Each structure stands twice: as C-alpha cells, then as structure tokens.
Amino acid sequence: MLVMDTILRVVAYGRDVEAALEAALTEARRLEALWDRHRQGSEIWRVNRSAGSEPVSVSPETVALLQAALQFAELTGGALDVTIGPVVDLWGFGSGEGRIPPGQLLREALHLVDYRKVRTDAERGTVGLAEEGMSLDLGAVAKGAAVDALWSVLKEAGVRSALVDLGGNIRLLGSPPGRPEWLIGVQDPRDPSRLLGYLRLAGGAVATSGDYQRYFMVGGRRYHHILDPRTGWPAAEVASVTVWAPTALQADALSTALFVLGPERGYEMACSLPGVEALFVLPGGQVKLTPGMQSVFRVNPP
Ligand code: AMP
Ligand code: MG
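Definitions and limits used
For every chain, the first residue of its written sequence is number 1, and the numbers climb from 1 along that sequence. Following the order in which they are written, the chains are lettered starting with A and the ligands numbered starting with 1. Thresholds applied to this predicted model are a pLDDT of at least 70 for local features of residues and 80 or more for the giving and counting of side-chain atom pairs; totals over whole chains, interfaces and linings are not thresholded and use all residues. The side-chain numbers reported here are obtained from all heavy atoms of the structure, hydrogens and water having been left aside. Coordination here is defined by N, O and S atoms within 2.8 Å of the metal (3.2 Å for Na, K and Ca), and since water is not considered, a site can look incomplete. Only DSSP runs of H or I reaching four residues or more are called helices, and only runs of E reaching two or more are called strands; each is numbered from the N terminus. With a 1.4 Å probe rolled over the protein chains alone, any residue whose accessible area is under 20% of its type maximum counts as buried; one over 50% counts as exposed, and the rest are partly exposed. Two joining distances apply to patches: 9 Å for like charges and 5 Å for nonpolar side chains (Val, Leu, Ile, Met, Phe, Trp, Tyr), and every residue must have over 30% relative accessible area and no salt bridge. Using the Shrake-Rupley algorithm and a 1.4 Å probe, accessible areas are obtained, with residue cover drawn only from the displayed protein chains. We count a salt bridge whenever a side-chain nitrogen from Lys or Arg sits within 4 Å of a carboxyl oxygen from Asp or Glu. The set of buried Ala, Val, Leu, Ile, Met, Phe, Trp, Tyr and Cys residues whose side-chain atoms join them within 4.5 Å is what this entry labels a nonpolar core. Note on definitions: a residue-residue contact is assigned when non-hydrogen atoms from the two residues lie within 4.5 Å. Any residue with at least one heavy atom within 4 Å of a molecule or strand is counted as near it. Contacts described as polar in this section are N or O atom pairs within 3.5 Å, which, within protein, must combine one atom able to donate a hydrogen with one able to accept it, while residues neighboring in sequence count only if both atoms come from side chains. Any two strands are treated as partners once DSSP identifies two or more bridges connecting them. Between the N-to-C directions of two axes lies an angle of 0 to 180 degrees, each axis being a line fitted to C-alpha atoms and, for a helix, fitted only over the stretch in contact. Where each domain starts and ends comes from a domain assignment, either automatic or drawn from a database. Buried area: the accessible surface (1.4 Å probe) lost by two parts on joining, summed over both. Amino acid classes used here: Ala, Val, Leu, Ile, Met, Phe, Trp, Tyr, Cys and Pro are nonpolar; Asp, Glu, Lys and Arg are charged; the rest, including Gly, are polar. Grid spacing is 1 Å over the protein atoms alone, the probe is 1.4 Å, and a cavity is where that probe fits but cannot get out, while a pocket is an open set with protein on both sides within 12 Å along at least five of seven lines and lining residues have an atom within 4 Å of a point. Grid points are joined across faces, edges and corners, and a volume is the space filled by probe spheres set on the points.

## Section: the coordination of the magnesium ion (ligand 2)
Looking at the magnesium ion (ligand 2), one finds its protein donor set to be Ala140 (O), Asp252 (O), Asp252 (OD) and Thr256 (OG1), positioned 2.0 to 2.5 Å from the metal centre. Read in sequence order, the donor residues for the magnesium ion (ligand 2) give the motif A-x111-D-x3-T. With Asp252 and Thr256 both in helix H7 (residues 248-272) and four residues apart, the pair spans about one turn of that helix. Note on accessibility: Asp252 and Thr256 belong to one class, buried.

In structure tokens form, the structure reads like this:
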C-alpha cells in the first residue's frame, strides 16, 4: 500500500484483525491528507501558503506534531529543522527531479530556514510562519508520527501483536506469536538489497535515515535528501543512521537529526538520551553502535 510516498506494511496477528487493519489504513490516509505539503488544500499546504501573514487553523494532531518537531529542533541545535522546505525545493527532492542548486539561490533559501519562526498555538489550534517564502516540510517526522497513530488505532481495536512499517519507520506492538522478540533487518546503505544485520527487539520503534533512500548522482558523487540546515548541502559524514527509541516519532526525528550531527556529535547525543540507541554506518562501511544497540544487534542472520 502506498502512503506518504512510500510503502505501508502492517503485520497484525490474532483473530478478526481485518477491521483493525482497515481502521489503520483509514487513519494513514487521513494523516497523509493533512500533512502532505504538495497536496492542494492540506493543512501544511495552507500553512505554507499563508507564510508571512495570519496563522492558519489546523487540527490538534498537526499542532502537536509541529510542537514536537520544534522541541527536537531545540534539542538538536537545529540539526532537525522542519522549515527546510525552500532548500528541499531547490534540490528538487520533493519533485523527483534532482539538481545541484546555484550557490546564490541556496544562500537566499537558507535565510528562510529557521524553526524559531514557526508560531504554534495549541489553545487556538493555529500554526503560522513568520516570514513570506518560508515553508514547512514534514518529511523527516510525519511518517514516524503516522506510525504512532496507526499503532494506537490497532491497540485500541484490541490487537495484541503487530508491526507497523511506513517506509522503514517501524513500531512494534506486543511480541510476535511464539517468540519473545521481533527481528528487524538493517539494510546495507551501499547495497540496500543486502542486510548488515538484525536487531532483536522486544518493543519500541525503529527508524533509519539513509543517503540511499532519495538521491541523484552527478559526476560520480551522490547528492541525497538529508540536508544540513546550516549549509543547505547534503550532510556527508554518515551513510545511514538507525535509531531505536520508545516511539516512532522519536525514532524518525532523531534518525534524521543524528544523521546531520554525524558520528561524533550524533553519537554523543544518542548516548545522552534515555531510551534512545543508535547505529551509524559511515561512508566507508564501518559501523558505530551505542552500547544498548550493541546488545540487540546481530551481524549474522538468525
Ligand atoms: P528522513 O528520511 O526521516 O531522514 O527525512 C528526510 C526528509 O526530511 C527529506 O526528504 C526532506 O524532506 C526532509 N529533510 C531533509 N533534511 C532535513 C533536516 N535537516 N531537518 C528536517 N527535515 C529535513
Ligand atoms: Mg526522520
């Protein structure tokens, strides 16, 4: 099933799970319609169109997602910044037609990237952007938030054992039938058809950000979709980051942010956050794991 430009996979065990799966799919479509900035009339499309003027009324889940995204921006010193929209547009990652933008245009677009200029008001239910030309792009967090919402729908429908996967953003519910742990493959960023290894997890959520997920090549160089908000260029210090965290939103936001922060600062941040573990794959193929990740990662297939 294609949702949010990627594949939605829901595995649910138990009797009579069809209704729960149907409800989860409906929820996925609803959130996609709220958060896709390219969809005319979506809440994020309306917020972007009103940049520089009045804040826009949006649903509570949209305010909540933005407030969470702003907290992650604060936590990561702006490595994650959902106002990256103008820069993403210049690189053409949203449209699928990648190109290296002229430096002058990139500098101008970077002036419009600043999460501190997002205004959210939970009481009024509004979101606004302070300057004309700014635009939100929720590509780094929306899938994780959607996975958490689908997970809640399944749980409330009485499902005890399930895995929700939206484009590599995974959340686990209960345990698989007859086994204590789920096995989650970690792809090799230089050969995504191959697995580097597995995570054996009893719960929580996993997300991977990788330079192999959306990219184009020019002159033998890879230009990919995870951009450093300080420079406007693809972050180059790692090839992929996999994060294990309590919720899919945390895993999604942090995998993008740690990718930008790189294997030194990103690693330190992962170690400092309770319940968060990370696996970095460097461009040369070396793997760097936080201690908690080391204890759940296995190189060999089971
Ligand atoms: P992910 O696959 O979760 O790492 O998210 C990557 C997507 O988020 C990109 O395709 C862009 O739409 C957007 N993005 C890229 N760089 C950033 C950034 N530094 N902060 C927030 N969003 C970003
Ligand atoms: Mg992300």
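## Some remarks on a nonpolar patch on the surface
Taken together, Ile100, Val218 and Trp233 make up a surface patch of nonpolar side chains, about 240 Å² in accessible area. Relative to the assigned elements, Ile100 resides in the loop between helix H4 (85-91) and helix H5 (103-110).

## Re the nonpolar core
Formed by 77 residues in total, the largest nonpolar core has its most connected members in Trp35, Leu136, Leu138, Val141, Val243 and Leu258. Here this core gets twelve residues from one element, more than from any other, and that element is H7. In contact with Leu136, not counting residues within four places along its chain, are Arg37, Ile44, Val47, Asn48, Leu66, Val82, Thr83, Val118, Val127 and Leu129.

## Focus on the site of ligand 1
Near ligand 1 lie 17 residues; those nearest to it are Ser209, His225, Leu227, Asp252 and Thr256. Within the backbone of Ala140, one N or O atom sits 3.1 Å away from an oxygen atom of ligand 1. Side-chain polar atom of His225 to an oxygen atom of ligand 1: 2.8 Å apart, as the coordinates give it. Contact with the protein chains removes 93% of the 500 Å² of surface that ligand 1 exposes when unbound. Of all the elements, H7 adds the most residues to the shell around ligand 1, at three residues.

## A word on the sheet that holds strand E13 (residues 240-245)
Backbone-to-backbone hydrogen bonds join strands into a sheet, with any given pair of strands oriented parallel or antiparallel. The strand order E1-E2-E6-E7-E10-E13-E14-E15 describes an open sheet built from eight strands, whose pairing is antiparallel. In the strand order of this sheet, the two ends are held by strand E1 (2-3) and strand E15 (287-289), each with one partner. Bridge count between strand E2 (residues 6-13) and strand E6 (residues 161-166): six bridges; the pairing is antiparallel. Paired with Leu8 across the two strands is Leu166, which belongs to E6. Packing against the sheet, helix H6 (residues 142-156) makes contact with E2, E6 and strand E7 (169-173), and its axis sits at approximately 20 degrees to E7. Across the sheet, H7 is in contact with E7, strand E10 (205-210), E13, strand E14 (277-281) and E15; its angle to E10 comes to roughly 55 degrees.

## A few points about the domain arrangement of the chain
Once the domains are mapped, the chain shows domain 1 (43-129) and domain 2 (181-298). Each partner contributes to the interface: domain 1 provides 20 residues, whereas domain 2 provides 24 residues. Overall, the association of domain 1 and domain 2 removes approximately 1700 Å² of surface from exposure, summing both partners, and the carbon and sulfur fraction of that is 85%. Here domain 1 and domain 2 share zero salt bridges between them. At the level of secondary structure, the elements contributing two or more residues to the side of domain 1 that touches domain 2 comprise helix H3 (60-75), H4 and H5. At four residues, H3 tops the list of elements feeding residues into the side of domain 1 that touches domain 2. Per-class residue counts for the side of domain 1 that touches domain 2 are 15 nonpolar, three polar and two charged.

## Some thoughts on the layout of surface pockets
Empty space left among the atoms is revealed by rolling a probe the size of a water molecule over them. Approximately 200 Å³ is the volume attributed to the second largest pocket. The element contributing the most residues to the lining of the second largest pocket is strand E12 (residues 221-224), with four residues. Among the residues forming the lining of the second largest pocket, the class breakdown is nine nonpolar, one polar and four charged.

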